[in-house]
Structures are given as structure tokens and as C-alpha cells.
Amino acid sequence: MTSTAPTGTTAPVPDPAQVQPRILRVLVASQIFSGAGLAAGVTVGALLAQDMLGSTSLAGLPSALFTTGSALAAITVGRISQARGRRPGLATGYLTGAIGSAGVITAAVLDNPVLLFIALFVYGAGTATNLQARYAGADLAPVGHRARAVSTVLVATTLGGVAGPNLAAPAGTLAEALNIPDLAGLFVISGAAYALAALVLALWLRPDPLLLARGIDQAKEADAAANPAAADDADHREVRKGVVLGALVMILTQLVMVAIMTMTPVHMHDHGHSTTASGLVIGIHIGAMYLPSPLTGLLVDRYGRMKIAAASGLTLLAAGILAAAAPGDSVALLALALALLGLGWNFGLVSGTAIITDTVPLATRAKTQGLVDVSIAIAGATGGMASGIMVAATSYPVLALTGGALSLALLPAVAATAYRP
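Please read these numbers as outputs of a predicted model, since none were measured by experiment. Numbering of residues begins from 1 in every chain and follows the order in which that chain's sequence is written. Per-residue local features of the predicted model are confined to residues with pLDDT of at least 70, and side-chain atom pairs are confined, for both listing and counting, to 80 or more; whole-chain, interface and lining totals are unaffected and use all residues. Calculated side-chain values reflect all of the structure's heavy atoms, with hydrogen atoms and water omitted.

Further remarks concern helix α11 (residues 293-303). Exposure is judged per residue with a 1.4 Å probe applied to protein chains only, and the accessible area is read against the type maximum: over 50% gives exposed, under 20% gives buried, and values in between give partly exposed. Every helix listed is a DSSP run of H or I at least four residues long, and every strand listed is a run of E at least two residues long, numbered separately from the N terminus. By the burial criterion, the buried members of α11 are Ser293, Thr296, Gly297, Val300 and Asp301. Seen along its axis, α11 keeps its buried residues to an arc of 125°; they face one direction. Residues of α11 that are exposed and angled more than 90 degrees away from the buried face: Leu295 and Arg302. Here the arc refers to the set of directions running from the helix axis out to each C-beta atom.

In C-alpha cells, the structure reads:
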């Protein structure tokens, strides 16, 4: 279904320059809530599974499950957004994440691992939606400001993302009051946060940025139809190159980041650190994932997508080396390593998103973005699952070094792809 005005109507089309600030404000508000929602699974998901199963080898399974769930959700949110607009697509995704949070709480009360894994799969919809929202920020942005628009949406996740893990202690108190297991307390906060994010979008994301951008673009398409030679095979090749490169940058950064991040709370727990300490480290990590976004967006727009994509690989390498070298009893060094891990991921996500948005036409943009995010989610699921198996077979330092080395694959990929925005 497309949103087009009936023939003969004279309704004025809103000016994108006037609408964009309001769109960004609404997205920022929803991202603050959703940031708190996604932090729960990162912080205690692995610990909850480890507590139920009594095994470290499957501690990476929760991360794999909610990232796999996010893959399915990315397709669904992308298709709904393509057909009906960003507002219903994003709101549906967040509501699904809230339902998953309720399922995790129920599984914890019943001590049912199977239900836990199903619920975590559903909970992954919130993660996918949180990432898809960045595309909505760029729908109406001019080319030279797209990375900054993406960054504005991403940075809004910081407040909720940093606050969420550090609510572990009060969430435990809340869990006791509700007579549910302590580790499930953060999922109470998560469910409420996702529901509020959905409400904000459903009520206030008007006009829909994708539908408005598409409507404005229809006039340009009409002009292009009068000159079909303007769209040649070279254009299509550039689109394919852009999609492949942008997807590759985000896939590699997601794989490395999720693998190291997932096992860090387990690594800290095995060295006697409290849940509060793990929450602090993960909170710093999530802050580094999103807080530098305005600076990253400025750098991407000013110096180009390629340079920042290469910087992502180098930063992730530094994170892996430091995480491997940090003593198990050093919260400060682990926090620094996870901060670098988050920063490298941020470089990759913002530059990769800008590449995708630059090259994909509006007619297929939301659907393509959803498919790209499926690949990102699969990479995250692979990293989450493999991380627990690798740590059980070797050690956390080996995992961190392997991730850092893998991130270097970004450099030849960037150099080999002749991408021009």
C-alpha cells in the first residue's frame, strides 16, 4: 500500500525543512525509552540463562536468540514501514518487544528455560526496532546532513541505554516486591519502556517521514520518467556497490561487538564481580555506542563514509586487544575496553547507515533497509552464540583477540570497494 494524495487534490505538502526538527524530537523521545528497554537483555539475559541452566557454554544463547528474533522483526518492521510508513512499523516493533519482556518475566517465575528462550526471541523485536528508527531520522534529511540526522536518533538511546543497566539493583528490589526472581526485575522496566516508546510514536510521529519523503519524490520521478536515459545500468551498479559495502561494514562491527559484549558480564561474574559492577561496565559500553553519535555524524558528513568505516575496524581492534589484556579483577580496564568496543561499533553503524541511505532509492528504501538489518541481526546472533562456545572451549581473552583481528577485515573491504556517494 502506498500513501499518495488523490488526483486533483490541492492539499499542500509540508516543507521537509520545517517538519524534520519535529520528526527528530519525536524519535529522540521514543529512543530514550527504547534504550532502557534494550539494555535489560544485554545486562542480565546471559546471567538469567546461566542461572537457569547452570552452564556457561550456553550463556551466549540469550543474545543469539534475541538477535535472531530481531532478524525476523527487521524484515517485518521494514515491510510494514514500506507499505504503511515508519509510524506503524516502529510502533508495532516496540509493542512486540514489550510482549517479549513480559514473557521473560513469566519464564523466570516458572523457572522454564524453554519459555525463556521463546520470550527472548520475541523480545528481540525491540532491538531491531531501535536500530530501524535511525533510518526514519534520515528520510527527510538532505544528503549532506544524513549522517548527522542518523546520529541524532542514535544518541537519544544513550540516556535510556546507560540508565537501564544501572537500574539493576533497584530493579532487583522491585522484583522482590513483585515476588519474581531478581534477575527478571530489569525486564519489568524493559517492558514498560518499550510500551512507552510505541505510544510516543503512535501518537506523535506525524506526518510520517517516509511517506512524506516518498510523496515529495514522486514529482522527481515524474520528471525522470520523461528522460529515461537518466537512469542507466551504471546507476544500478552503484546502488549494489553501496548496499554491499554499507551492509558489510555494519555486519562485521555487529558481529565483533556482540561477541565480546555478551561474554563480558559472564567473565566479570566468574571473577567475583557483582551484577552492579557488570551493569556499570555495560552501561559505559552502551553509552559509548550512542553518545559519540553527533560527533561521528559530523565526521562522516565532513570527511566521508569510507574513512570513518576504516576507523571503525581499527577501534574495534584496540578494544579486543585491551579486553584480552585486562586483568579479570580490573573493572576500570574492562570498562575502557567496552567503551572502545562501543565507539568502534558507532563508527561502523553511522558510516554504514549513511552509505545505505545514500544509494537506495525511496521506492525500495524501507524494504532494503529491513533486509540489511536482517543481515546485521544474523551477525549479532552468530556472535552471541559463538561467544559462549568459544569462551567455554578457550577463554575470554581468546574471544576478545579473535574479535579484534576479525574487525581488520573492514580495511581491505573499504579499500576494494570503489564507492562514491
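Below, the discussion takes up the packing of aromatic side chains. By convention, a stacked pair of Phe, Tyr or Trp rings (six-membered ring in the case of Trp) has centres within 6.5 Å and planes under 30 degrees apart, an edge-to-face pair has planes over 60 apart, and any other such pair is tilted. By the definition in use, this model includes 4 aromatic pairs. Within the aromatic cluster, the residues linked to one another by ring pairs are Tyr94, Tyr123, Phe187 and Tyr194. A cation over a ring is seen here: Arg134 above Tyr135, with NZ or CZ 4.1 Å from the ring centre. Geometrically, a lysine NZ or arginine CZ counts as sitting over a ring once it is within 6 Å of the ring centre and also within 35 degrees of the ring normal.

Another aspect to go through is the packing of helix α4 (residues 113-138) against helix α13 (residues 331-359). Lines fitted to C-alpha atoms define the axes here, with helix axes fitted over just the stretch in contact, and angles between the N-to-C directions of these axes take values from 0 to 180 degrees. For the pair α4 and α13, interaxial distance at closest approach is 11 Å and the crossing angle is 50°. The orientation of α4 with respect to α13, classified from their angle, is oblique. For α4 against α13, the interelement crossing comes out right-handed. Of α13, the residues touching α4 (which contributes Leu131, Arg134, Tyr135 and Ala138) are Trp345, Leu349, Thr353 and Thr357. In this classification, the charged set is Asp, Glu, Lys and Arg, the nonpolar set is Ala, Val, Leu, Ile, Met, Phe, Trp, Tyr, Cys and Pro, and all remaining amino acids, among them Gly, are polar. Here the contact of α4 with α13 is built from residues that sort into 5 nonpolar, 2 polar and 1 charged. In what follows, roughly perpendicular refers to angles from 65 to 115 degrees, roughly parallel to angles under 35, roughly antiparallel to angles over 145, and oblique to any angle outside these ranges. Each crossing gets its hand from how the near helix is turned against the far one by less than a right angle, where anticlockwise is left-handed and clockwise is right-handed. We call two residues contacting when some pair of their heavy atoms lies within 4.5 Å.

What follows concerns the confidence of the model for the chain. A score between 0 and 100, pLDDT records how confident the predictor is in each residue. Averaged over every residue, the pLDDT of the chain is 85; the share at 70 or more is 88%. The model gives residues 1-10 a pLDDT under 50, and that stretch makes 7 contacts with residues more than four places away or in other chains. A low-confidence stretch, residues 229-234 (pLDDT under 50), is modelled with 1 contact involving residues beyond four sequence positions or located in other chains.

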